[in-house]
Amino acid sequence: GIQVEQSPPDLILQEGANSTLRCNFSDSVNNLQWFHQNPWGQLINLFYIPSGTKQNGRLSATTVATERYSLLYISSSQTTDSGVYFCAPCISNFGNEKLTFGTGTRLTIIP
Amino acid sequence: NAGVTQTPKFQVLKTGQSMTLQCAQDMNHEYMSWYRQDPGMGLRLIHYSVGAGITDQGEVPNGYNVSRSTTEDFPLRLLSAAPSQTSVYFCASSYFLAGDTQYFGPGTRLTVL
């Protein structure tokens, strides 16, 4: 099956810093989603981004499907950005679509 | 809208006991799925459903059963709990397909002794 690698596995930053999280995947994908899991465990969808770039406030994401990677940018970090960020590419196999999650990047923002 | 709800939030079982994790959504989504999350392993798909009456296996289906009698509900049954099933379980839903924007429930933390 598809392999999904996220880097870095852990990231500790001061409040106000910028960061880039990377997601590499081994096969062609239909689309890709980014999620944030907050410290209480809730998973929130951040982006649905099959290709190109999208922005939502201080967050933006870019997927280059032909080169099999996606990037999540966080600018001017806040303590509420802490948590684990997952990417989940979606592949289609004989009409069945499935998401495969990476192991995540744990982000800690220090005040 | 309540979104995706899961009950219970926490559960402790003894080895060999059975139980059902409940999941419901009020967004009229056709696609529903169950994942388990273990430390350092991300989320792994257990079972999924593309509509009422239709279910299929995911990556780690052994030891679990599902059914989908209504659009709203997608319960997950543990037939005979084992310590290896200690995990956090998440239910998710989307409009039609896995590739549509996924909405997750708050999770159920299960411990099997």
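Residues numbered from 1 in each chain as written. Chains lettered and ligands numbered in written order. Predicted model: local features only at pLDDT ≥ 70, side-chain atom pairs only at ≥ 80, totals over all residues. Heavy atoms only, no water.

Q: Could you give an account of a nonpolar patch on the surface, naming the residues involved and the relevant values?
A: All names here are of chain B. On the surface, Tyr95, Phe96 and Leu97 cluster together into a nonpolar patch covering about 330 Å² of accessible area. Assignment of secondary structure puts Tyr95 in the loop between strand S9 (87-94) and strand S10 (103-104). Residue classification places Tyr95 among the partly exposed residues on the basis of a relative accessible area of 49%. (Patch = residues over 30% accessible without salt bridge, like charges linked within 9 Å, V, L, I, M, F, W, Y side chains within 5 Å. Areas by Shrake-Rupley, 256 points an atom, 1.4 Å probe, with all protein chains shown as cover. Salt bridge = Lys/Arg side-chain N within 4 Å of Asp/Glu carboxyl O. Helix = DSSP H or I, 4+ residues; strand = E, 2+ residues; numbered from the N terminus. Buried < 20%, exposed > 50% of the residue type's maximum accessible area, 1.4 Å probe, protein only.)

Q: Can you explain the sheet that holds strand S1 (residues 4-7) of chain A? Please cite residues and give values.
A: Residues and elements named next belong to chain A. Pairing within the open sheet is antiparallel, and its five strands lie in the order S1-S3-S8-S7-S6. The sheet is open, and its two edges are formed by S1 and strand S6 (52-56), each paired on a single side. Each neighbouring strand pair of the sheet contributes to a mean axis angle of 15°, computed without reference to strand direction. (Pairing = 2+ DSSP bridges. Axes fitted to C-alpha atoms, helices over the stretch in contact; angles between N-to-C directions.)

Q: Kindly report on the interface of chain A and chain B, identifying the contributing residues and their values.
A: Counting residues at the interface gives 18 residues for chain A, matched by 21 residues for chain B. On the chain A side of the contact with chain B, A:Leu43, A:Glu97 and A:Phe101 bury the most area, a combined 32% of that side's loss. At the surface where chain A touches chain B, the tally comes to zero salt bridges. Here chain A is connected to chain B by seven residue pairs in polar contact (both at pLDDT 80 or more). Contributing elements (two or more residues each) for the side of chain A that touches chain B: strand S4 (31-37), strand S5 (43-48), strand S9 (83-93) and strand S10 (96-99) of chain A. Tallied by class, the residues present in the side of chain A that touches chain B amount to seven nonpolar, nine polar and two charged. (Contact = heavy atoms within 4.5 Å. Buried area = accessible area lost by both parts, 1.4 Å probe. Polar contact = N/O pair within 3.5 Å; in protein donor to acceptor, adjacent residues only side chain to side chain. Nonpolar A, V, L, I, M, F, W, Y, C, P; charged D, E, K, R; others polar.)

Q: Residues and numbers for the pairing of S9(A), please.
A: All names here are of chain A. Taking burial as the measure, the eleven residues of S9 include eight buried ones, the bulk of the element. Where S4 lies against S9, seven bridges are found, and the strand directions are antiparallel. Bridge pairing in S9 places Gln33 opposite Ala88. Here three bridges tie S9 to strand S11 (residues 105-110), and the two strands are oriented antiparallel to one another. Pairing of Val84 across the sheet is with Arg106, part of S11. Judged from the four bridges that link them, S9 and S10 form a sheet pairing that is antiparallel. Bridging across to S10, Ile91 finds its partner in Lys98. Following S9, the chain reverses through two residues before pairing antiparallel with S10; Phe94 in that reversal takes a positive phi of roughly 55°.

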